[in-house]
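Structure assessment
Read off the chains here:
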Amino acid sequence: AKLLKKPAIAFSPMTIEKQMLKQNGQLDWKQLTESAHGFIYKDKQYNQIRSIINTPDDKVHIAPSELILELQSRLETPRKPSSDYPFYLIGKRSLNMMNSWHFDLPNVRRRVQTNDCEINVDDAHALDIQTGDTVRVRSEVNHIELPVEVTDKVPQGVIAIQHGWGSRVFDPTGKESPWQAGVNRNLLVSDQTLDPFSGIPKLNSTAVSVEKVTNK
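Residues numbered from 1 in each chain as written. Predicted model: local features only at pLDDT ≥ 70, side-chain atom pairs only at ≥ 80, totals over all residues. Heavy atoms only, no water.

1. Concerning the sheet that holds strand β1 (residues 87–92)
- With mixed pairing, the 6 strands of this closed barrel are ordered in space as β1-β5-β2-β4-β3-β8. If you compare each strand with its neighbour and ignore which way they point, the axes differ by 45° on average.
- Pairing analysis gives 5 bridges linking strand β3 (residues 134–138) to strand β4 (residues 143–151), with the strands arranged antiparallel. Along β4, the bridge assignment pairs Arg136 with Glu145. (Pairing = 2+ DSSP bridges. Helix = DSSP H or I, 4+ residues; strand = E, 2+ residues; numbered from the N terminus. Axes fitted to C-alpha atoms, helices over the stretch in contact; angles between N-to-C directions.)

2. Side note on the side chain of Asn120
- Along the chain, Asn120 turns up in strand β2 (residues 117–120).
- Looking at Asn120, the relative accessible area reads 9%, which means it is buried.
- At 2.8 Å, the side chain of Asn120 forms a polar contact with the backbone nitrogen of Asp122.
- The residues contacting Asn120, other than those within four sequence positions of it, are Val150, Thr151, Val154, Pro155, Gln156 and Val158. (Buried < 20%, exposed > 50% of the residue type's maximum accessible area, 1.4 Å probe, protein only. Polar contact = N/O pair within 3.5 Å; in protein donor to acceptor, adjacent residues only side chain to side chain. Contact = heavy atoms within 4.5 Å.)

3. A few points about the pattern of salt bridges
- Counted by the stated rule, this structure contains 7 salt bridges.
- Among the ionic pairs, Glu145 bridges to Arg136, the shortest N-O distance being 2.8 Å.
- Note that Glu211 is salt-bridged to Arg136, the shortest N-O span being 3.3 Å. With Glu211 in strand β8 (residues 206–212) and Arg136 in strand β3, this pair connects stretches of sequence that are 75 residues apart.
- On the accessibility criterion, Glu211 (34% relative accessible area) is partly exposed.
- Among the charged side chains, a salt-bridge network with shared partners connects Arg136, Arg138, Glu145 and Glu211. (Salt bridge = Lys/Arg side-chain N within 4 Å of Asp/Glu carboxyl O.)

4. Quick word on the pairing of β1
- Summarising the sheet, β1 and β8 pair through 3 bridges and their orientation is antiparallel. Considered in β8, the bridge of Leu89 is made with Thr206.
- The sheet contact formed by β1 and strand β5 (residues 158–162) spans 5 bridges and is parallel. When the bridges of β5 are listed, Leu89 appears paired with Ile159.

5. Some details on the environment of Ala181
- Relative to the assigned elements, Ala181 resides in the loop between β7 (179–180) and β8.
- Ala181 sits 66 residues away from Asn115 along the chain, and the two C-alpha atoms are 8.2 Å apart.

6. Regarding helix α1 (residues 13–24)
- Compared with the 16 Å implied by 1.5 Å per residue over 12 residues, the 17 Å span of α1 between its first and last C-alpha is a close match.
- Looking one or two residues past α1, Gly25 carries a phi angle of roughly 75°, positive in sign. (Expected span 1.5 Å × (residues − 1).)

So this is what it looks like as structure tokens:
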């Protein structure tokens, strides 16, 4: 673009968006920019799921026998935390974000700058932890450090850390270093222990330990 002195052909996020629209073939860039409230390119269709249900009774089975048996087994022999990893990690969401979206927006950054670790009041007292302290959360595969919030919103033996943080935001046109906020709580989750039904890592119920970082 610089050599040809044609800034219009310079590579940018808009270039990618235009190419995606072109490959999709449903509408073009001009139609999109002229449709401030959205563009309807096809009539809504209903009952499409009926054509892909292949159960004998043509019904969606939300509680198959395999799932019921596994649930019964877990309830009969509940897992107990170990002395090395006495807490269970669960995730949480935020009103300011949708997964990893929006945390780089200026308005959101003014309200929240990072995620934190929520811990029960009694657990915090036993560990000599106060709101604002930095804690190290460790699992069998990794550890992270982040601020802590003492609260009665989580039960004893459980900590909650918001997901969606820790990714880097790059400047596509400038030369500034990537900007990063918060920590990625999924680093604590093993990719080797998978849920037997969905086949995805167990993003909730990972066993962890919590300790106060005293040198910060």
